[in-house]
Amino acid sequence: MTAPYFSQYLGTLDAASKHLSCQTGYIQLDDKIAVLHQLTFALALLQKQRKQAAFEAIAVLEKILPFQNNEGAFPAYLHTYPWAADGATLVKIAAVFAIILKYYARYLPATATLKWHQSFLLLKKYLLAKNFTATLVQCWLSLVLAFWEERLAEFPVEEYIVQHQAQFSSDDWGWQLAFLQLAASVAPASEPYRAIIHL
């Protein structure tokens, strides 16, 4: 499953590229620049396993990091900085960051990925400290943390689905199942991927 599906608003990588603004260099829908859309676009670029796409992904991530506030949260849209996005959006942002860091950061320049790692840890700290009461946010966060801490193999996915199937919308489930599919996929083999992007 490709990363843009992970953001149900973008469809395919080609479709996402059609929303890339020449003026701003960001993915824009309805004249708004959503942080989540930029991150899913960066992930999709990394999945292409091409040198130029990897450089583009790095550039996208570097442009987003300055919009993380002092507490560790990102805004939903760049123009709403420094106000934090809602809990569900922040967990989605954390999910995409986690996939990038786990599966792709090792093949990219350490100077960049160290900053992304610190950013993710700051966001994780924020999410845990906020102690969100919404079931949706709690459930998504438990999935992301299980993946990050390499406990996903032990996570009771079937039980989780049965327990919460009536609580979430089809879009909510689409996000969670897409994350699980991405998280369960095999990371690119080190040497072939490194040779392809040659960074």
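Coordinates for the structure precede this section.
Reading the values: the criteria
Residues numbered from 1 in each chain as written. Predicted model: local features only at pLDDT ≥ 70, side-chain atom pairs only at ≥ 80, totals over all residues. Heavy atoms only, no water. Helix = DSSP H or I, 4+ residues; strand = E, 2+ residues; numbered from the N terminus. Buried < 20%, exposed > 50% of the residue type's maximum accessible area, 1.4 Å probe, protein only. Areas by Shrake-Rupley, 256 points an atom, 1.4 Å probe, with all protein chains shown as cover. Phe/Tyr/Trp six-rings, centres within 6.5 Å; stacked < 30°, edge-to-face > 60°. Expected span 1.5 Å × (residues − 1). Polar contact = N/O pair within 3.5 Å; in protein donor to acceptor, adjacent residues only side chain to side chain. Contact = heavy atoms within 4.5 Å. Core = buried A, V, L, I, M, F, W, Y, C linked by side-chain atoms within 4.5 Å. 1 Å grid on protein atoms, 1.4 Å probe; cavity = no way out; pocket = protein on both sides within 12 Å on 5 of 7 lines; lining within 4 Å. Points joined across faces, edges and corners; volume = space filled by probe spheres on them. Nonpolar A, V, L, I, M, F, W, Y, C, P; charged D, E, K, R; others polar. Salt bridge = Lys/Arg side-chain N within 4 Å of Asp/Glu carboxyl O. Axes fitted to C-alpha atoms, helices over the stretch in contact; angles between N-to-C directions. Parallel < 35°, antiparallel > 145°, perpendicular 65-115°, else oblique.

Colleague: Would you mind showing me how to read the overall build of the protein chain here?
Modeller: A tally of regular secondary structure across the protein chain gives ten helices and zero strands. For the protein chain, the α and β elements follow one another from N to C terminus as α-α-α-α-α-α-α-α-α-α. Here the protein chain holds 199 residues, and the buried ones make up 50% of them. For the protein chain, the accessible area works out to roughly 10000 Å², and carbon and sulfur atoms hold 55% of it.

Colleague: What is the right way to look at the packing of aromatic side chains in this model?
Modeller: Enumeration according to the criterion identifies six aromatic pairs in this entry. Clustering of aromatic rings is evident, with ring pairs tying together Y103, F147 and F179.

Colleague: Explain helix α9 (residues 170–184) to me, please; I cannot follow it from the model alone.
Modeller: One turn of an α-helix holds 3.6 residues; hence residues three or four places apart share an orientation. With 15 residues, α9 extends 21 Å between its outermost C-alpha atoms, agreeing within 8% with the 21 Å of an ideal straight helix rising 1.5 Å per residue. Taken together, the buried positions of α9 are D172, W173, W175, Q176, A178, F179, L180, L182 and A183. A side-chain oxygen of the first residue of α9 lies 3.1 Å from the backbone nitrogen of D172; this N-cap is S169.

Colleague: What exactly am I supposed to notice about the environment of L90 here?
Modeller: For L90, the location among the structural elements is in helix α5 (residues 87–103). Through-space distance from the C-alpha of L90 to that of V35 is 9.6 Å; in sequence the pair is 55 residues apart. Here L90 is in contact with A73, F74, A85, L123, Y126 and L127, once residues within four sequence places are set aside.

Colleague: Can you help me understand the nonpolar core in this one?
Modeller: If you look at the biggest cluster of nonpolar residues, it comprises 66 residues, and the most contacted ones within it are F74, L90, I93, F97 and W116. Counting only elements with at least two residues in this core, the list comes to α3 (35–47), α4 (51–64), α5, α6 (110–130), α7 (135–148) and α9. With 13 residues, α5 is the largest single contributor of residues to this core.

Colleague: How do you make sense of unusual backbone geometry when you look at a structure like this?
Modeller: The general pattern is negative phi for most residues beyond glycine and trans for most peptide bonds. A cis amide bond links Y81 with the next residue in sequence, P82, at an omega value of 10 degrees. Here P82 is to be found in the loop between α4 and α5. One non-glycine residue, E150, adopts positive backbone phi at about 60 degrees. A residue is classified by how much of its surface remains accessible, and E150, at 65% relative accessible area, is exposed.

Colleague: I tried to follow empty space enclosed by the protein on my own but got confused; where do I start?
Modeller: By rolling a water-sized probe across the atoms, one finds the places where empty space is left. With the rule as written, the count across this model stands at one cavity of 30 Å³ or more. Size it by volume and the largest cavity reaches roughly 80 Å³. Lining the largest cavity we find V91, K92, A95, W140, L143, V144, W175, Q176 and F179. Those elements that provide at least two residues to the lining of the largest cavity are α5, α7 and α9. Looking at the lining of the largest cavity residue by residue, the class counts come to seven nonpolar, one polar and one charged.

Colleague: Looking at this model, I keep getting lost on the side chain of T113. Mind explaining?
Modeller: Along the polypeptide, T113 turns up in helix α6. With near-sequence residues (within four places) excluded, T113 lies in contact with L101, A105 and L108.

Colleague: For this particular structure, what's the right way to read the pattern of salt bridges?
Modeller: Scanning the model with the defined rule gives three salt bridges in all. A salt bridge links E62 to K115, with the nearest nitrogen and oxygen atoms 2.6 Å apart. Of this pair, E62 sits in helix α4 while K115 sits in helix α6, and the two are 53 residues apart along the sequence. Taking relative accessible area as the criterion, E62 reaches 25% and is therefore assigned partly exposed.

Colleague: Looking at this model, I keep getting lost on the packing of α5 against α7. Mind explaining?
Modeller: In a pair of packed helices, the angle between the axes and the distance between the axes together describe the arrangement. Interhelical geometry of α5 versus α7 gives an angle of 10 degrees and a closest axis separation of 9 Å. Taken together, the axis directions place α5 and α7 in an arrangement best described as roughly parallel. Residues G87, A88, V91, K92, A94, A95, A98, I99, L101, K102 and Y103 of α5 form the contact with α7, whose participating residues are L136, V137, W140, L141, V144, F147 and W148. For the contact of α5 with α7, a count of residues per class yields 15 nonpolar, one polar and two charged.

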